[in-house]
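Structural description and commentary
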Amino acid sequence: DAGVAGALHVVDLIGGAEISHRADELVVPASVFKLPVLLELCRQHAAGEIDASALVTVPVTDRAPGPFGVSIMKDPITASLRDLAWLMMGISDNAATDVLCAHVGLDMVQKHLSRLGLTQTRIDGDCRDLFRTVREDLDGDMSMFMKPTPEMLEKLRVLDPARGLHATTPREMTTLLRLIWNDEAGPADACEETRRILGQQVWPHRLASGFSDVDEVTTSGKTGTLPTLRNEVGVVEYPDGGRYAVAVFTRSSSLAQKHPAADAVIGGAARLAVDALRGA
């Protein structure tokens, strides 16, 4: 009804029951790729390989574009790596993301994903790399990116998990969330810090929207957005101890930048699946 197609995986983190739809198909993560970057920062800090409290200065030049945060600030900004991590996750700040990618190393992110058995998840570039492919695919005309024609969409590698720099599957994202929530994705301190930051995301219009009527239910997650693509992965926690990892990836038939019905599909589909797992 909302004009989107999608892929979904929802799993009960206590009992293991699951609901899936195209859960093993490759999808474009968009900014969901920032979740493994966050985990690697927290892992390296817990292991003493990096100091997440260290201050870094982000210059104005060569920042990744984006609609929020450091990406749109007019002056250099100095912040700790862990505060940049919140900007990366809480408001999906692209410039903050690229600073963290440089400090932890995307090769290390990929190696850790492989150690966890997530062999279908690929992160071959940061936000600037993504936008570089867009510029190349649009012959330098970035104005077409936010208002693309159907013909332009076909050219964009960033929207194709087979050709783009990033790819994952819904099942691999819920697997990663399960490992984080069970303290199995790295040291317990690293998993705890990852959960803390995931719990501070500010966007209520996707996953959280499906649970706004249920008292004391919390959601922790990361959105991802590109033209026609709206995603979110996260964990829904009930006061009775129930915990459910959710991954929903959608593609819209509409080229509109604002599409509230498509956003709501993520929360709505997640709620239907969680209710089914809970026997509601």
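Fair warning: this is a prediction, and the values are worked out from it, not measured in the lab. (Residues numbered from 1 in each chain as written. Predicted model: local features only at pLDDT ≥ 70, side-chain atom pairs only at ≥ 80, totals over all residues. Heavy atoms only, no water.)

Regarding helix 7 (residues 170-181)
Just so we agree on the cut-off: What counts as a helix is a DSSP run of H or I of at least four residues, what counts as a strand is a run of E of at least two, and both are numbered from the N terminus. To estimate the expected span of a helix, subtract one from its residue number and multiply by 1.5 Å. Think of it in three bands: residues with accessible area under 20% of the maximum for their type are buried, residues over 50% are exposed, and the middle band is partly exposed, with areas taken using a 1.4 Å probe on protein chains only. Contacts are assigned to residue pairs that have any heavy atoms within 4.5 Å of one another.
When the terminal C-alpha atoms of helix 7 are compared, their 17 Å separation across 12 residues agrees well with the 16 Å that a helix rising 1.5 Å per residue should span. For helix 7, the buried fraction is high: 10 of the 12 residues fall into the buried class. Among the residues of helix 7, those classed as buried are P170, E172, M173, T174, T175, L176, L177, L179, I180 and W181. For helix 7, the elements touching its buried residues are strand 1 (4-12), helix 1 (34-46), helix 8 (188-198), strand 7 (218-226), strand 8 (229-237) and strand 9 (243-252). Immediately beyond the C-terminal end of helix 7, within one or two residues, lies D183, with a positive phi of roughly 60°.

Quick look at the packing of aromatic side chains
The condition that has to hold: Stacked, edge-to-face and tilted labels apply to pairs of Phe, Tyr and Trp rings (six-membered ring for Trp) whose centres lie within 6.5 Å, assigned for plane angles under 30 degrees, over 60, and everything in between, in that order. Charge over a ring is defined by NZ of Lys or CZ of Arg lying within 6 Å of the ring centre and within 35 degrees of the ring normal.
Under the definition given, this model contains three aromatic pairs. Ring centres of F68 and W203 lie 5.1 Å apart, and the angle between their planes is 50°; this geometry places the pair in the tilted category. Of this pair, F68 sits in the loop between strand 3 (55-58) and strand 4 (77-80) while W203 sits in the loop between helix 8 and strand 7, and the two are 135 residues apart along the sequence. Residue W203 is classed as partly exposed on the basis of its relative accessible area of 23%. Relative to Y244, the ring of Y238 has its centre 5.9 Å away and its plane inclined at 85°; by these criteria the two rings are edge-to-face. You'll find Y238 and Y244 in the same group, each marked buried. Directly above the aromatic system of Y238 lies the positively charged group of R278, at a separation of 3.7 Å from the ring centroid.

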